[in-house]
Amino acid sequence: MKIRTAVFVSGGGTNLQALIDAQASGLIRSAELTLVVSNRRDAYALERARAANIESVVVSRKKAGSQQAFEQAIVRELEARGIELIVLA
């Protein structure tokens, strides 16, 4: 069974792309890139996720209203998908 993994991004996503490529080549065998989380709707990393057929979600700190609400919204997204590992990219 593979570890359900979320990747947190905020920009261009070059590190995300490296992870996507590593998974595609079989270099990453024990994890599955399941979700990409961004705090920025305009992050190019979200396009990289779409191209790789990885679900993505944007959680805005501004829309959440408070830091606590922001963090709770992220936790809800992770729990809803059974995420077991978070990678900061």
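Residues numbered from 1 in each chain as written. Predicted model: local features only at pLDDT ≥ 70, side-chain atom pairs only at ≥ 80, totals over all residues. Heavy atoms only, no water.

### A closer look at helix α4 (residues 67–80)
Point 1. Taking 1.5 Å of rise per residue, 14 residues should cover 20 Å, and α4 covers 20 Å from first to last C-alpha, within 8% of that figure.
Point 2. All of the buried residues along α4 are Phe 70, Ala 73, Ile 74 and Leu 78. Taken down its axis, α4 places every buried residue within 135° of arc, on the same side. Turned more than 90 degrees off the buried face of α4, the exposed positions are Gln 68, Arg 76, Glu 79 and Ala 80.
Point 3. Buried residues in α4 make contact with β1 (3–9), β2 (31–38), α3 (61–64) and β4 (85–88).
Point 4. Just beyond α4, the residue with positive phi is Gly 82, at close to 65°. (Helix = DSSP H or I, 4+ residues; strand = E, 2+ residues; numbered from the N terminus. Expected span 1.5 Å × (residues − 1). Buried < 20%, exposed > 50% of the residue type's maximum accessible area, 1.4 Å probe, protein only. Arc of directions from axis to C-beta. Contact = heavy atoms within 4.5 Å.)

### Thoughts on the packing of helix α1 (residues 14–25) against helix α2 (residues 44–51)
Point 1. Here α1 crosses α2 at 15°, and the two axes come no closer than 9 Å. Put simply, α1 runs roughly parallel to α2. Here α1 and α2 pass one another in a crossing that is right-handed. Facing Thr 14, Leu 16, Gln 17 and Ile 20 of α1, the residues of α2 in contact are Ala 45, Arg 48 and Ala 49.
Point 2. Tallied by class, residues from the contact of α1 with α2 come to 4 nonpolar, 2 polar and 1 charged. (Axes fitted to C-alpha atoms, helices over the stretch in contact; angles between N-to-C directions. Parallel < 35°, antiparallel > 145°, perpendicular 65-115°, else oblique. Left-handed = near helix turned anticlockwise from the far one by under 90°. Nonpolar A, V, L, I, M, F, W, Y, C, P; charged D, E, K, R; others polar.)

### Some thoughts on the pattern of salt bridges
Point 1. Using the criterion set out here, one finds 4 salt bridges in the structure.
Point 2. Notably, a salt bridge pairs Arg 50 with Glu 47, separated by 3.3 Å at the nearest N-O pair. Note that Arg 50 and Glu 47 are positioned in helix α2 at a spacing of 3 residues, about one turn of the helix.
Point 3. The exposure class of Glu 47 is partly exposed, given its relative accessible area of 35%.
Point 4. Arg 81 is paired through a salt bridge with Glu 55; the nearest N and O atoms lie 2.8 Å apart. Linking Arg 81 in the loop between α4 and β4 with Glu 55 in strand β3 (residues 55–58), this pair joins segments that are 26 residues apart in sequence.
Point 5. Residue classification places Arg 81 among the buried residues on the basis of a relative accessible area of 17%.
Point 6. Glu 55 gets classed as partly exposed once you look at its relative accessible area, which sits at 39%.
Point 7. A single salt-bridge network, built from bridges that share partners, covers Glu 55, Glu 77 and Arg 81. (Salt bridge = Lys/Arg side-chain N within 4 Å of Asp/Glu carboxyl O.)

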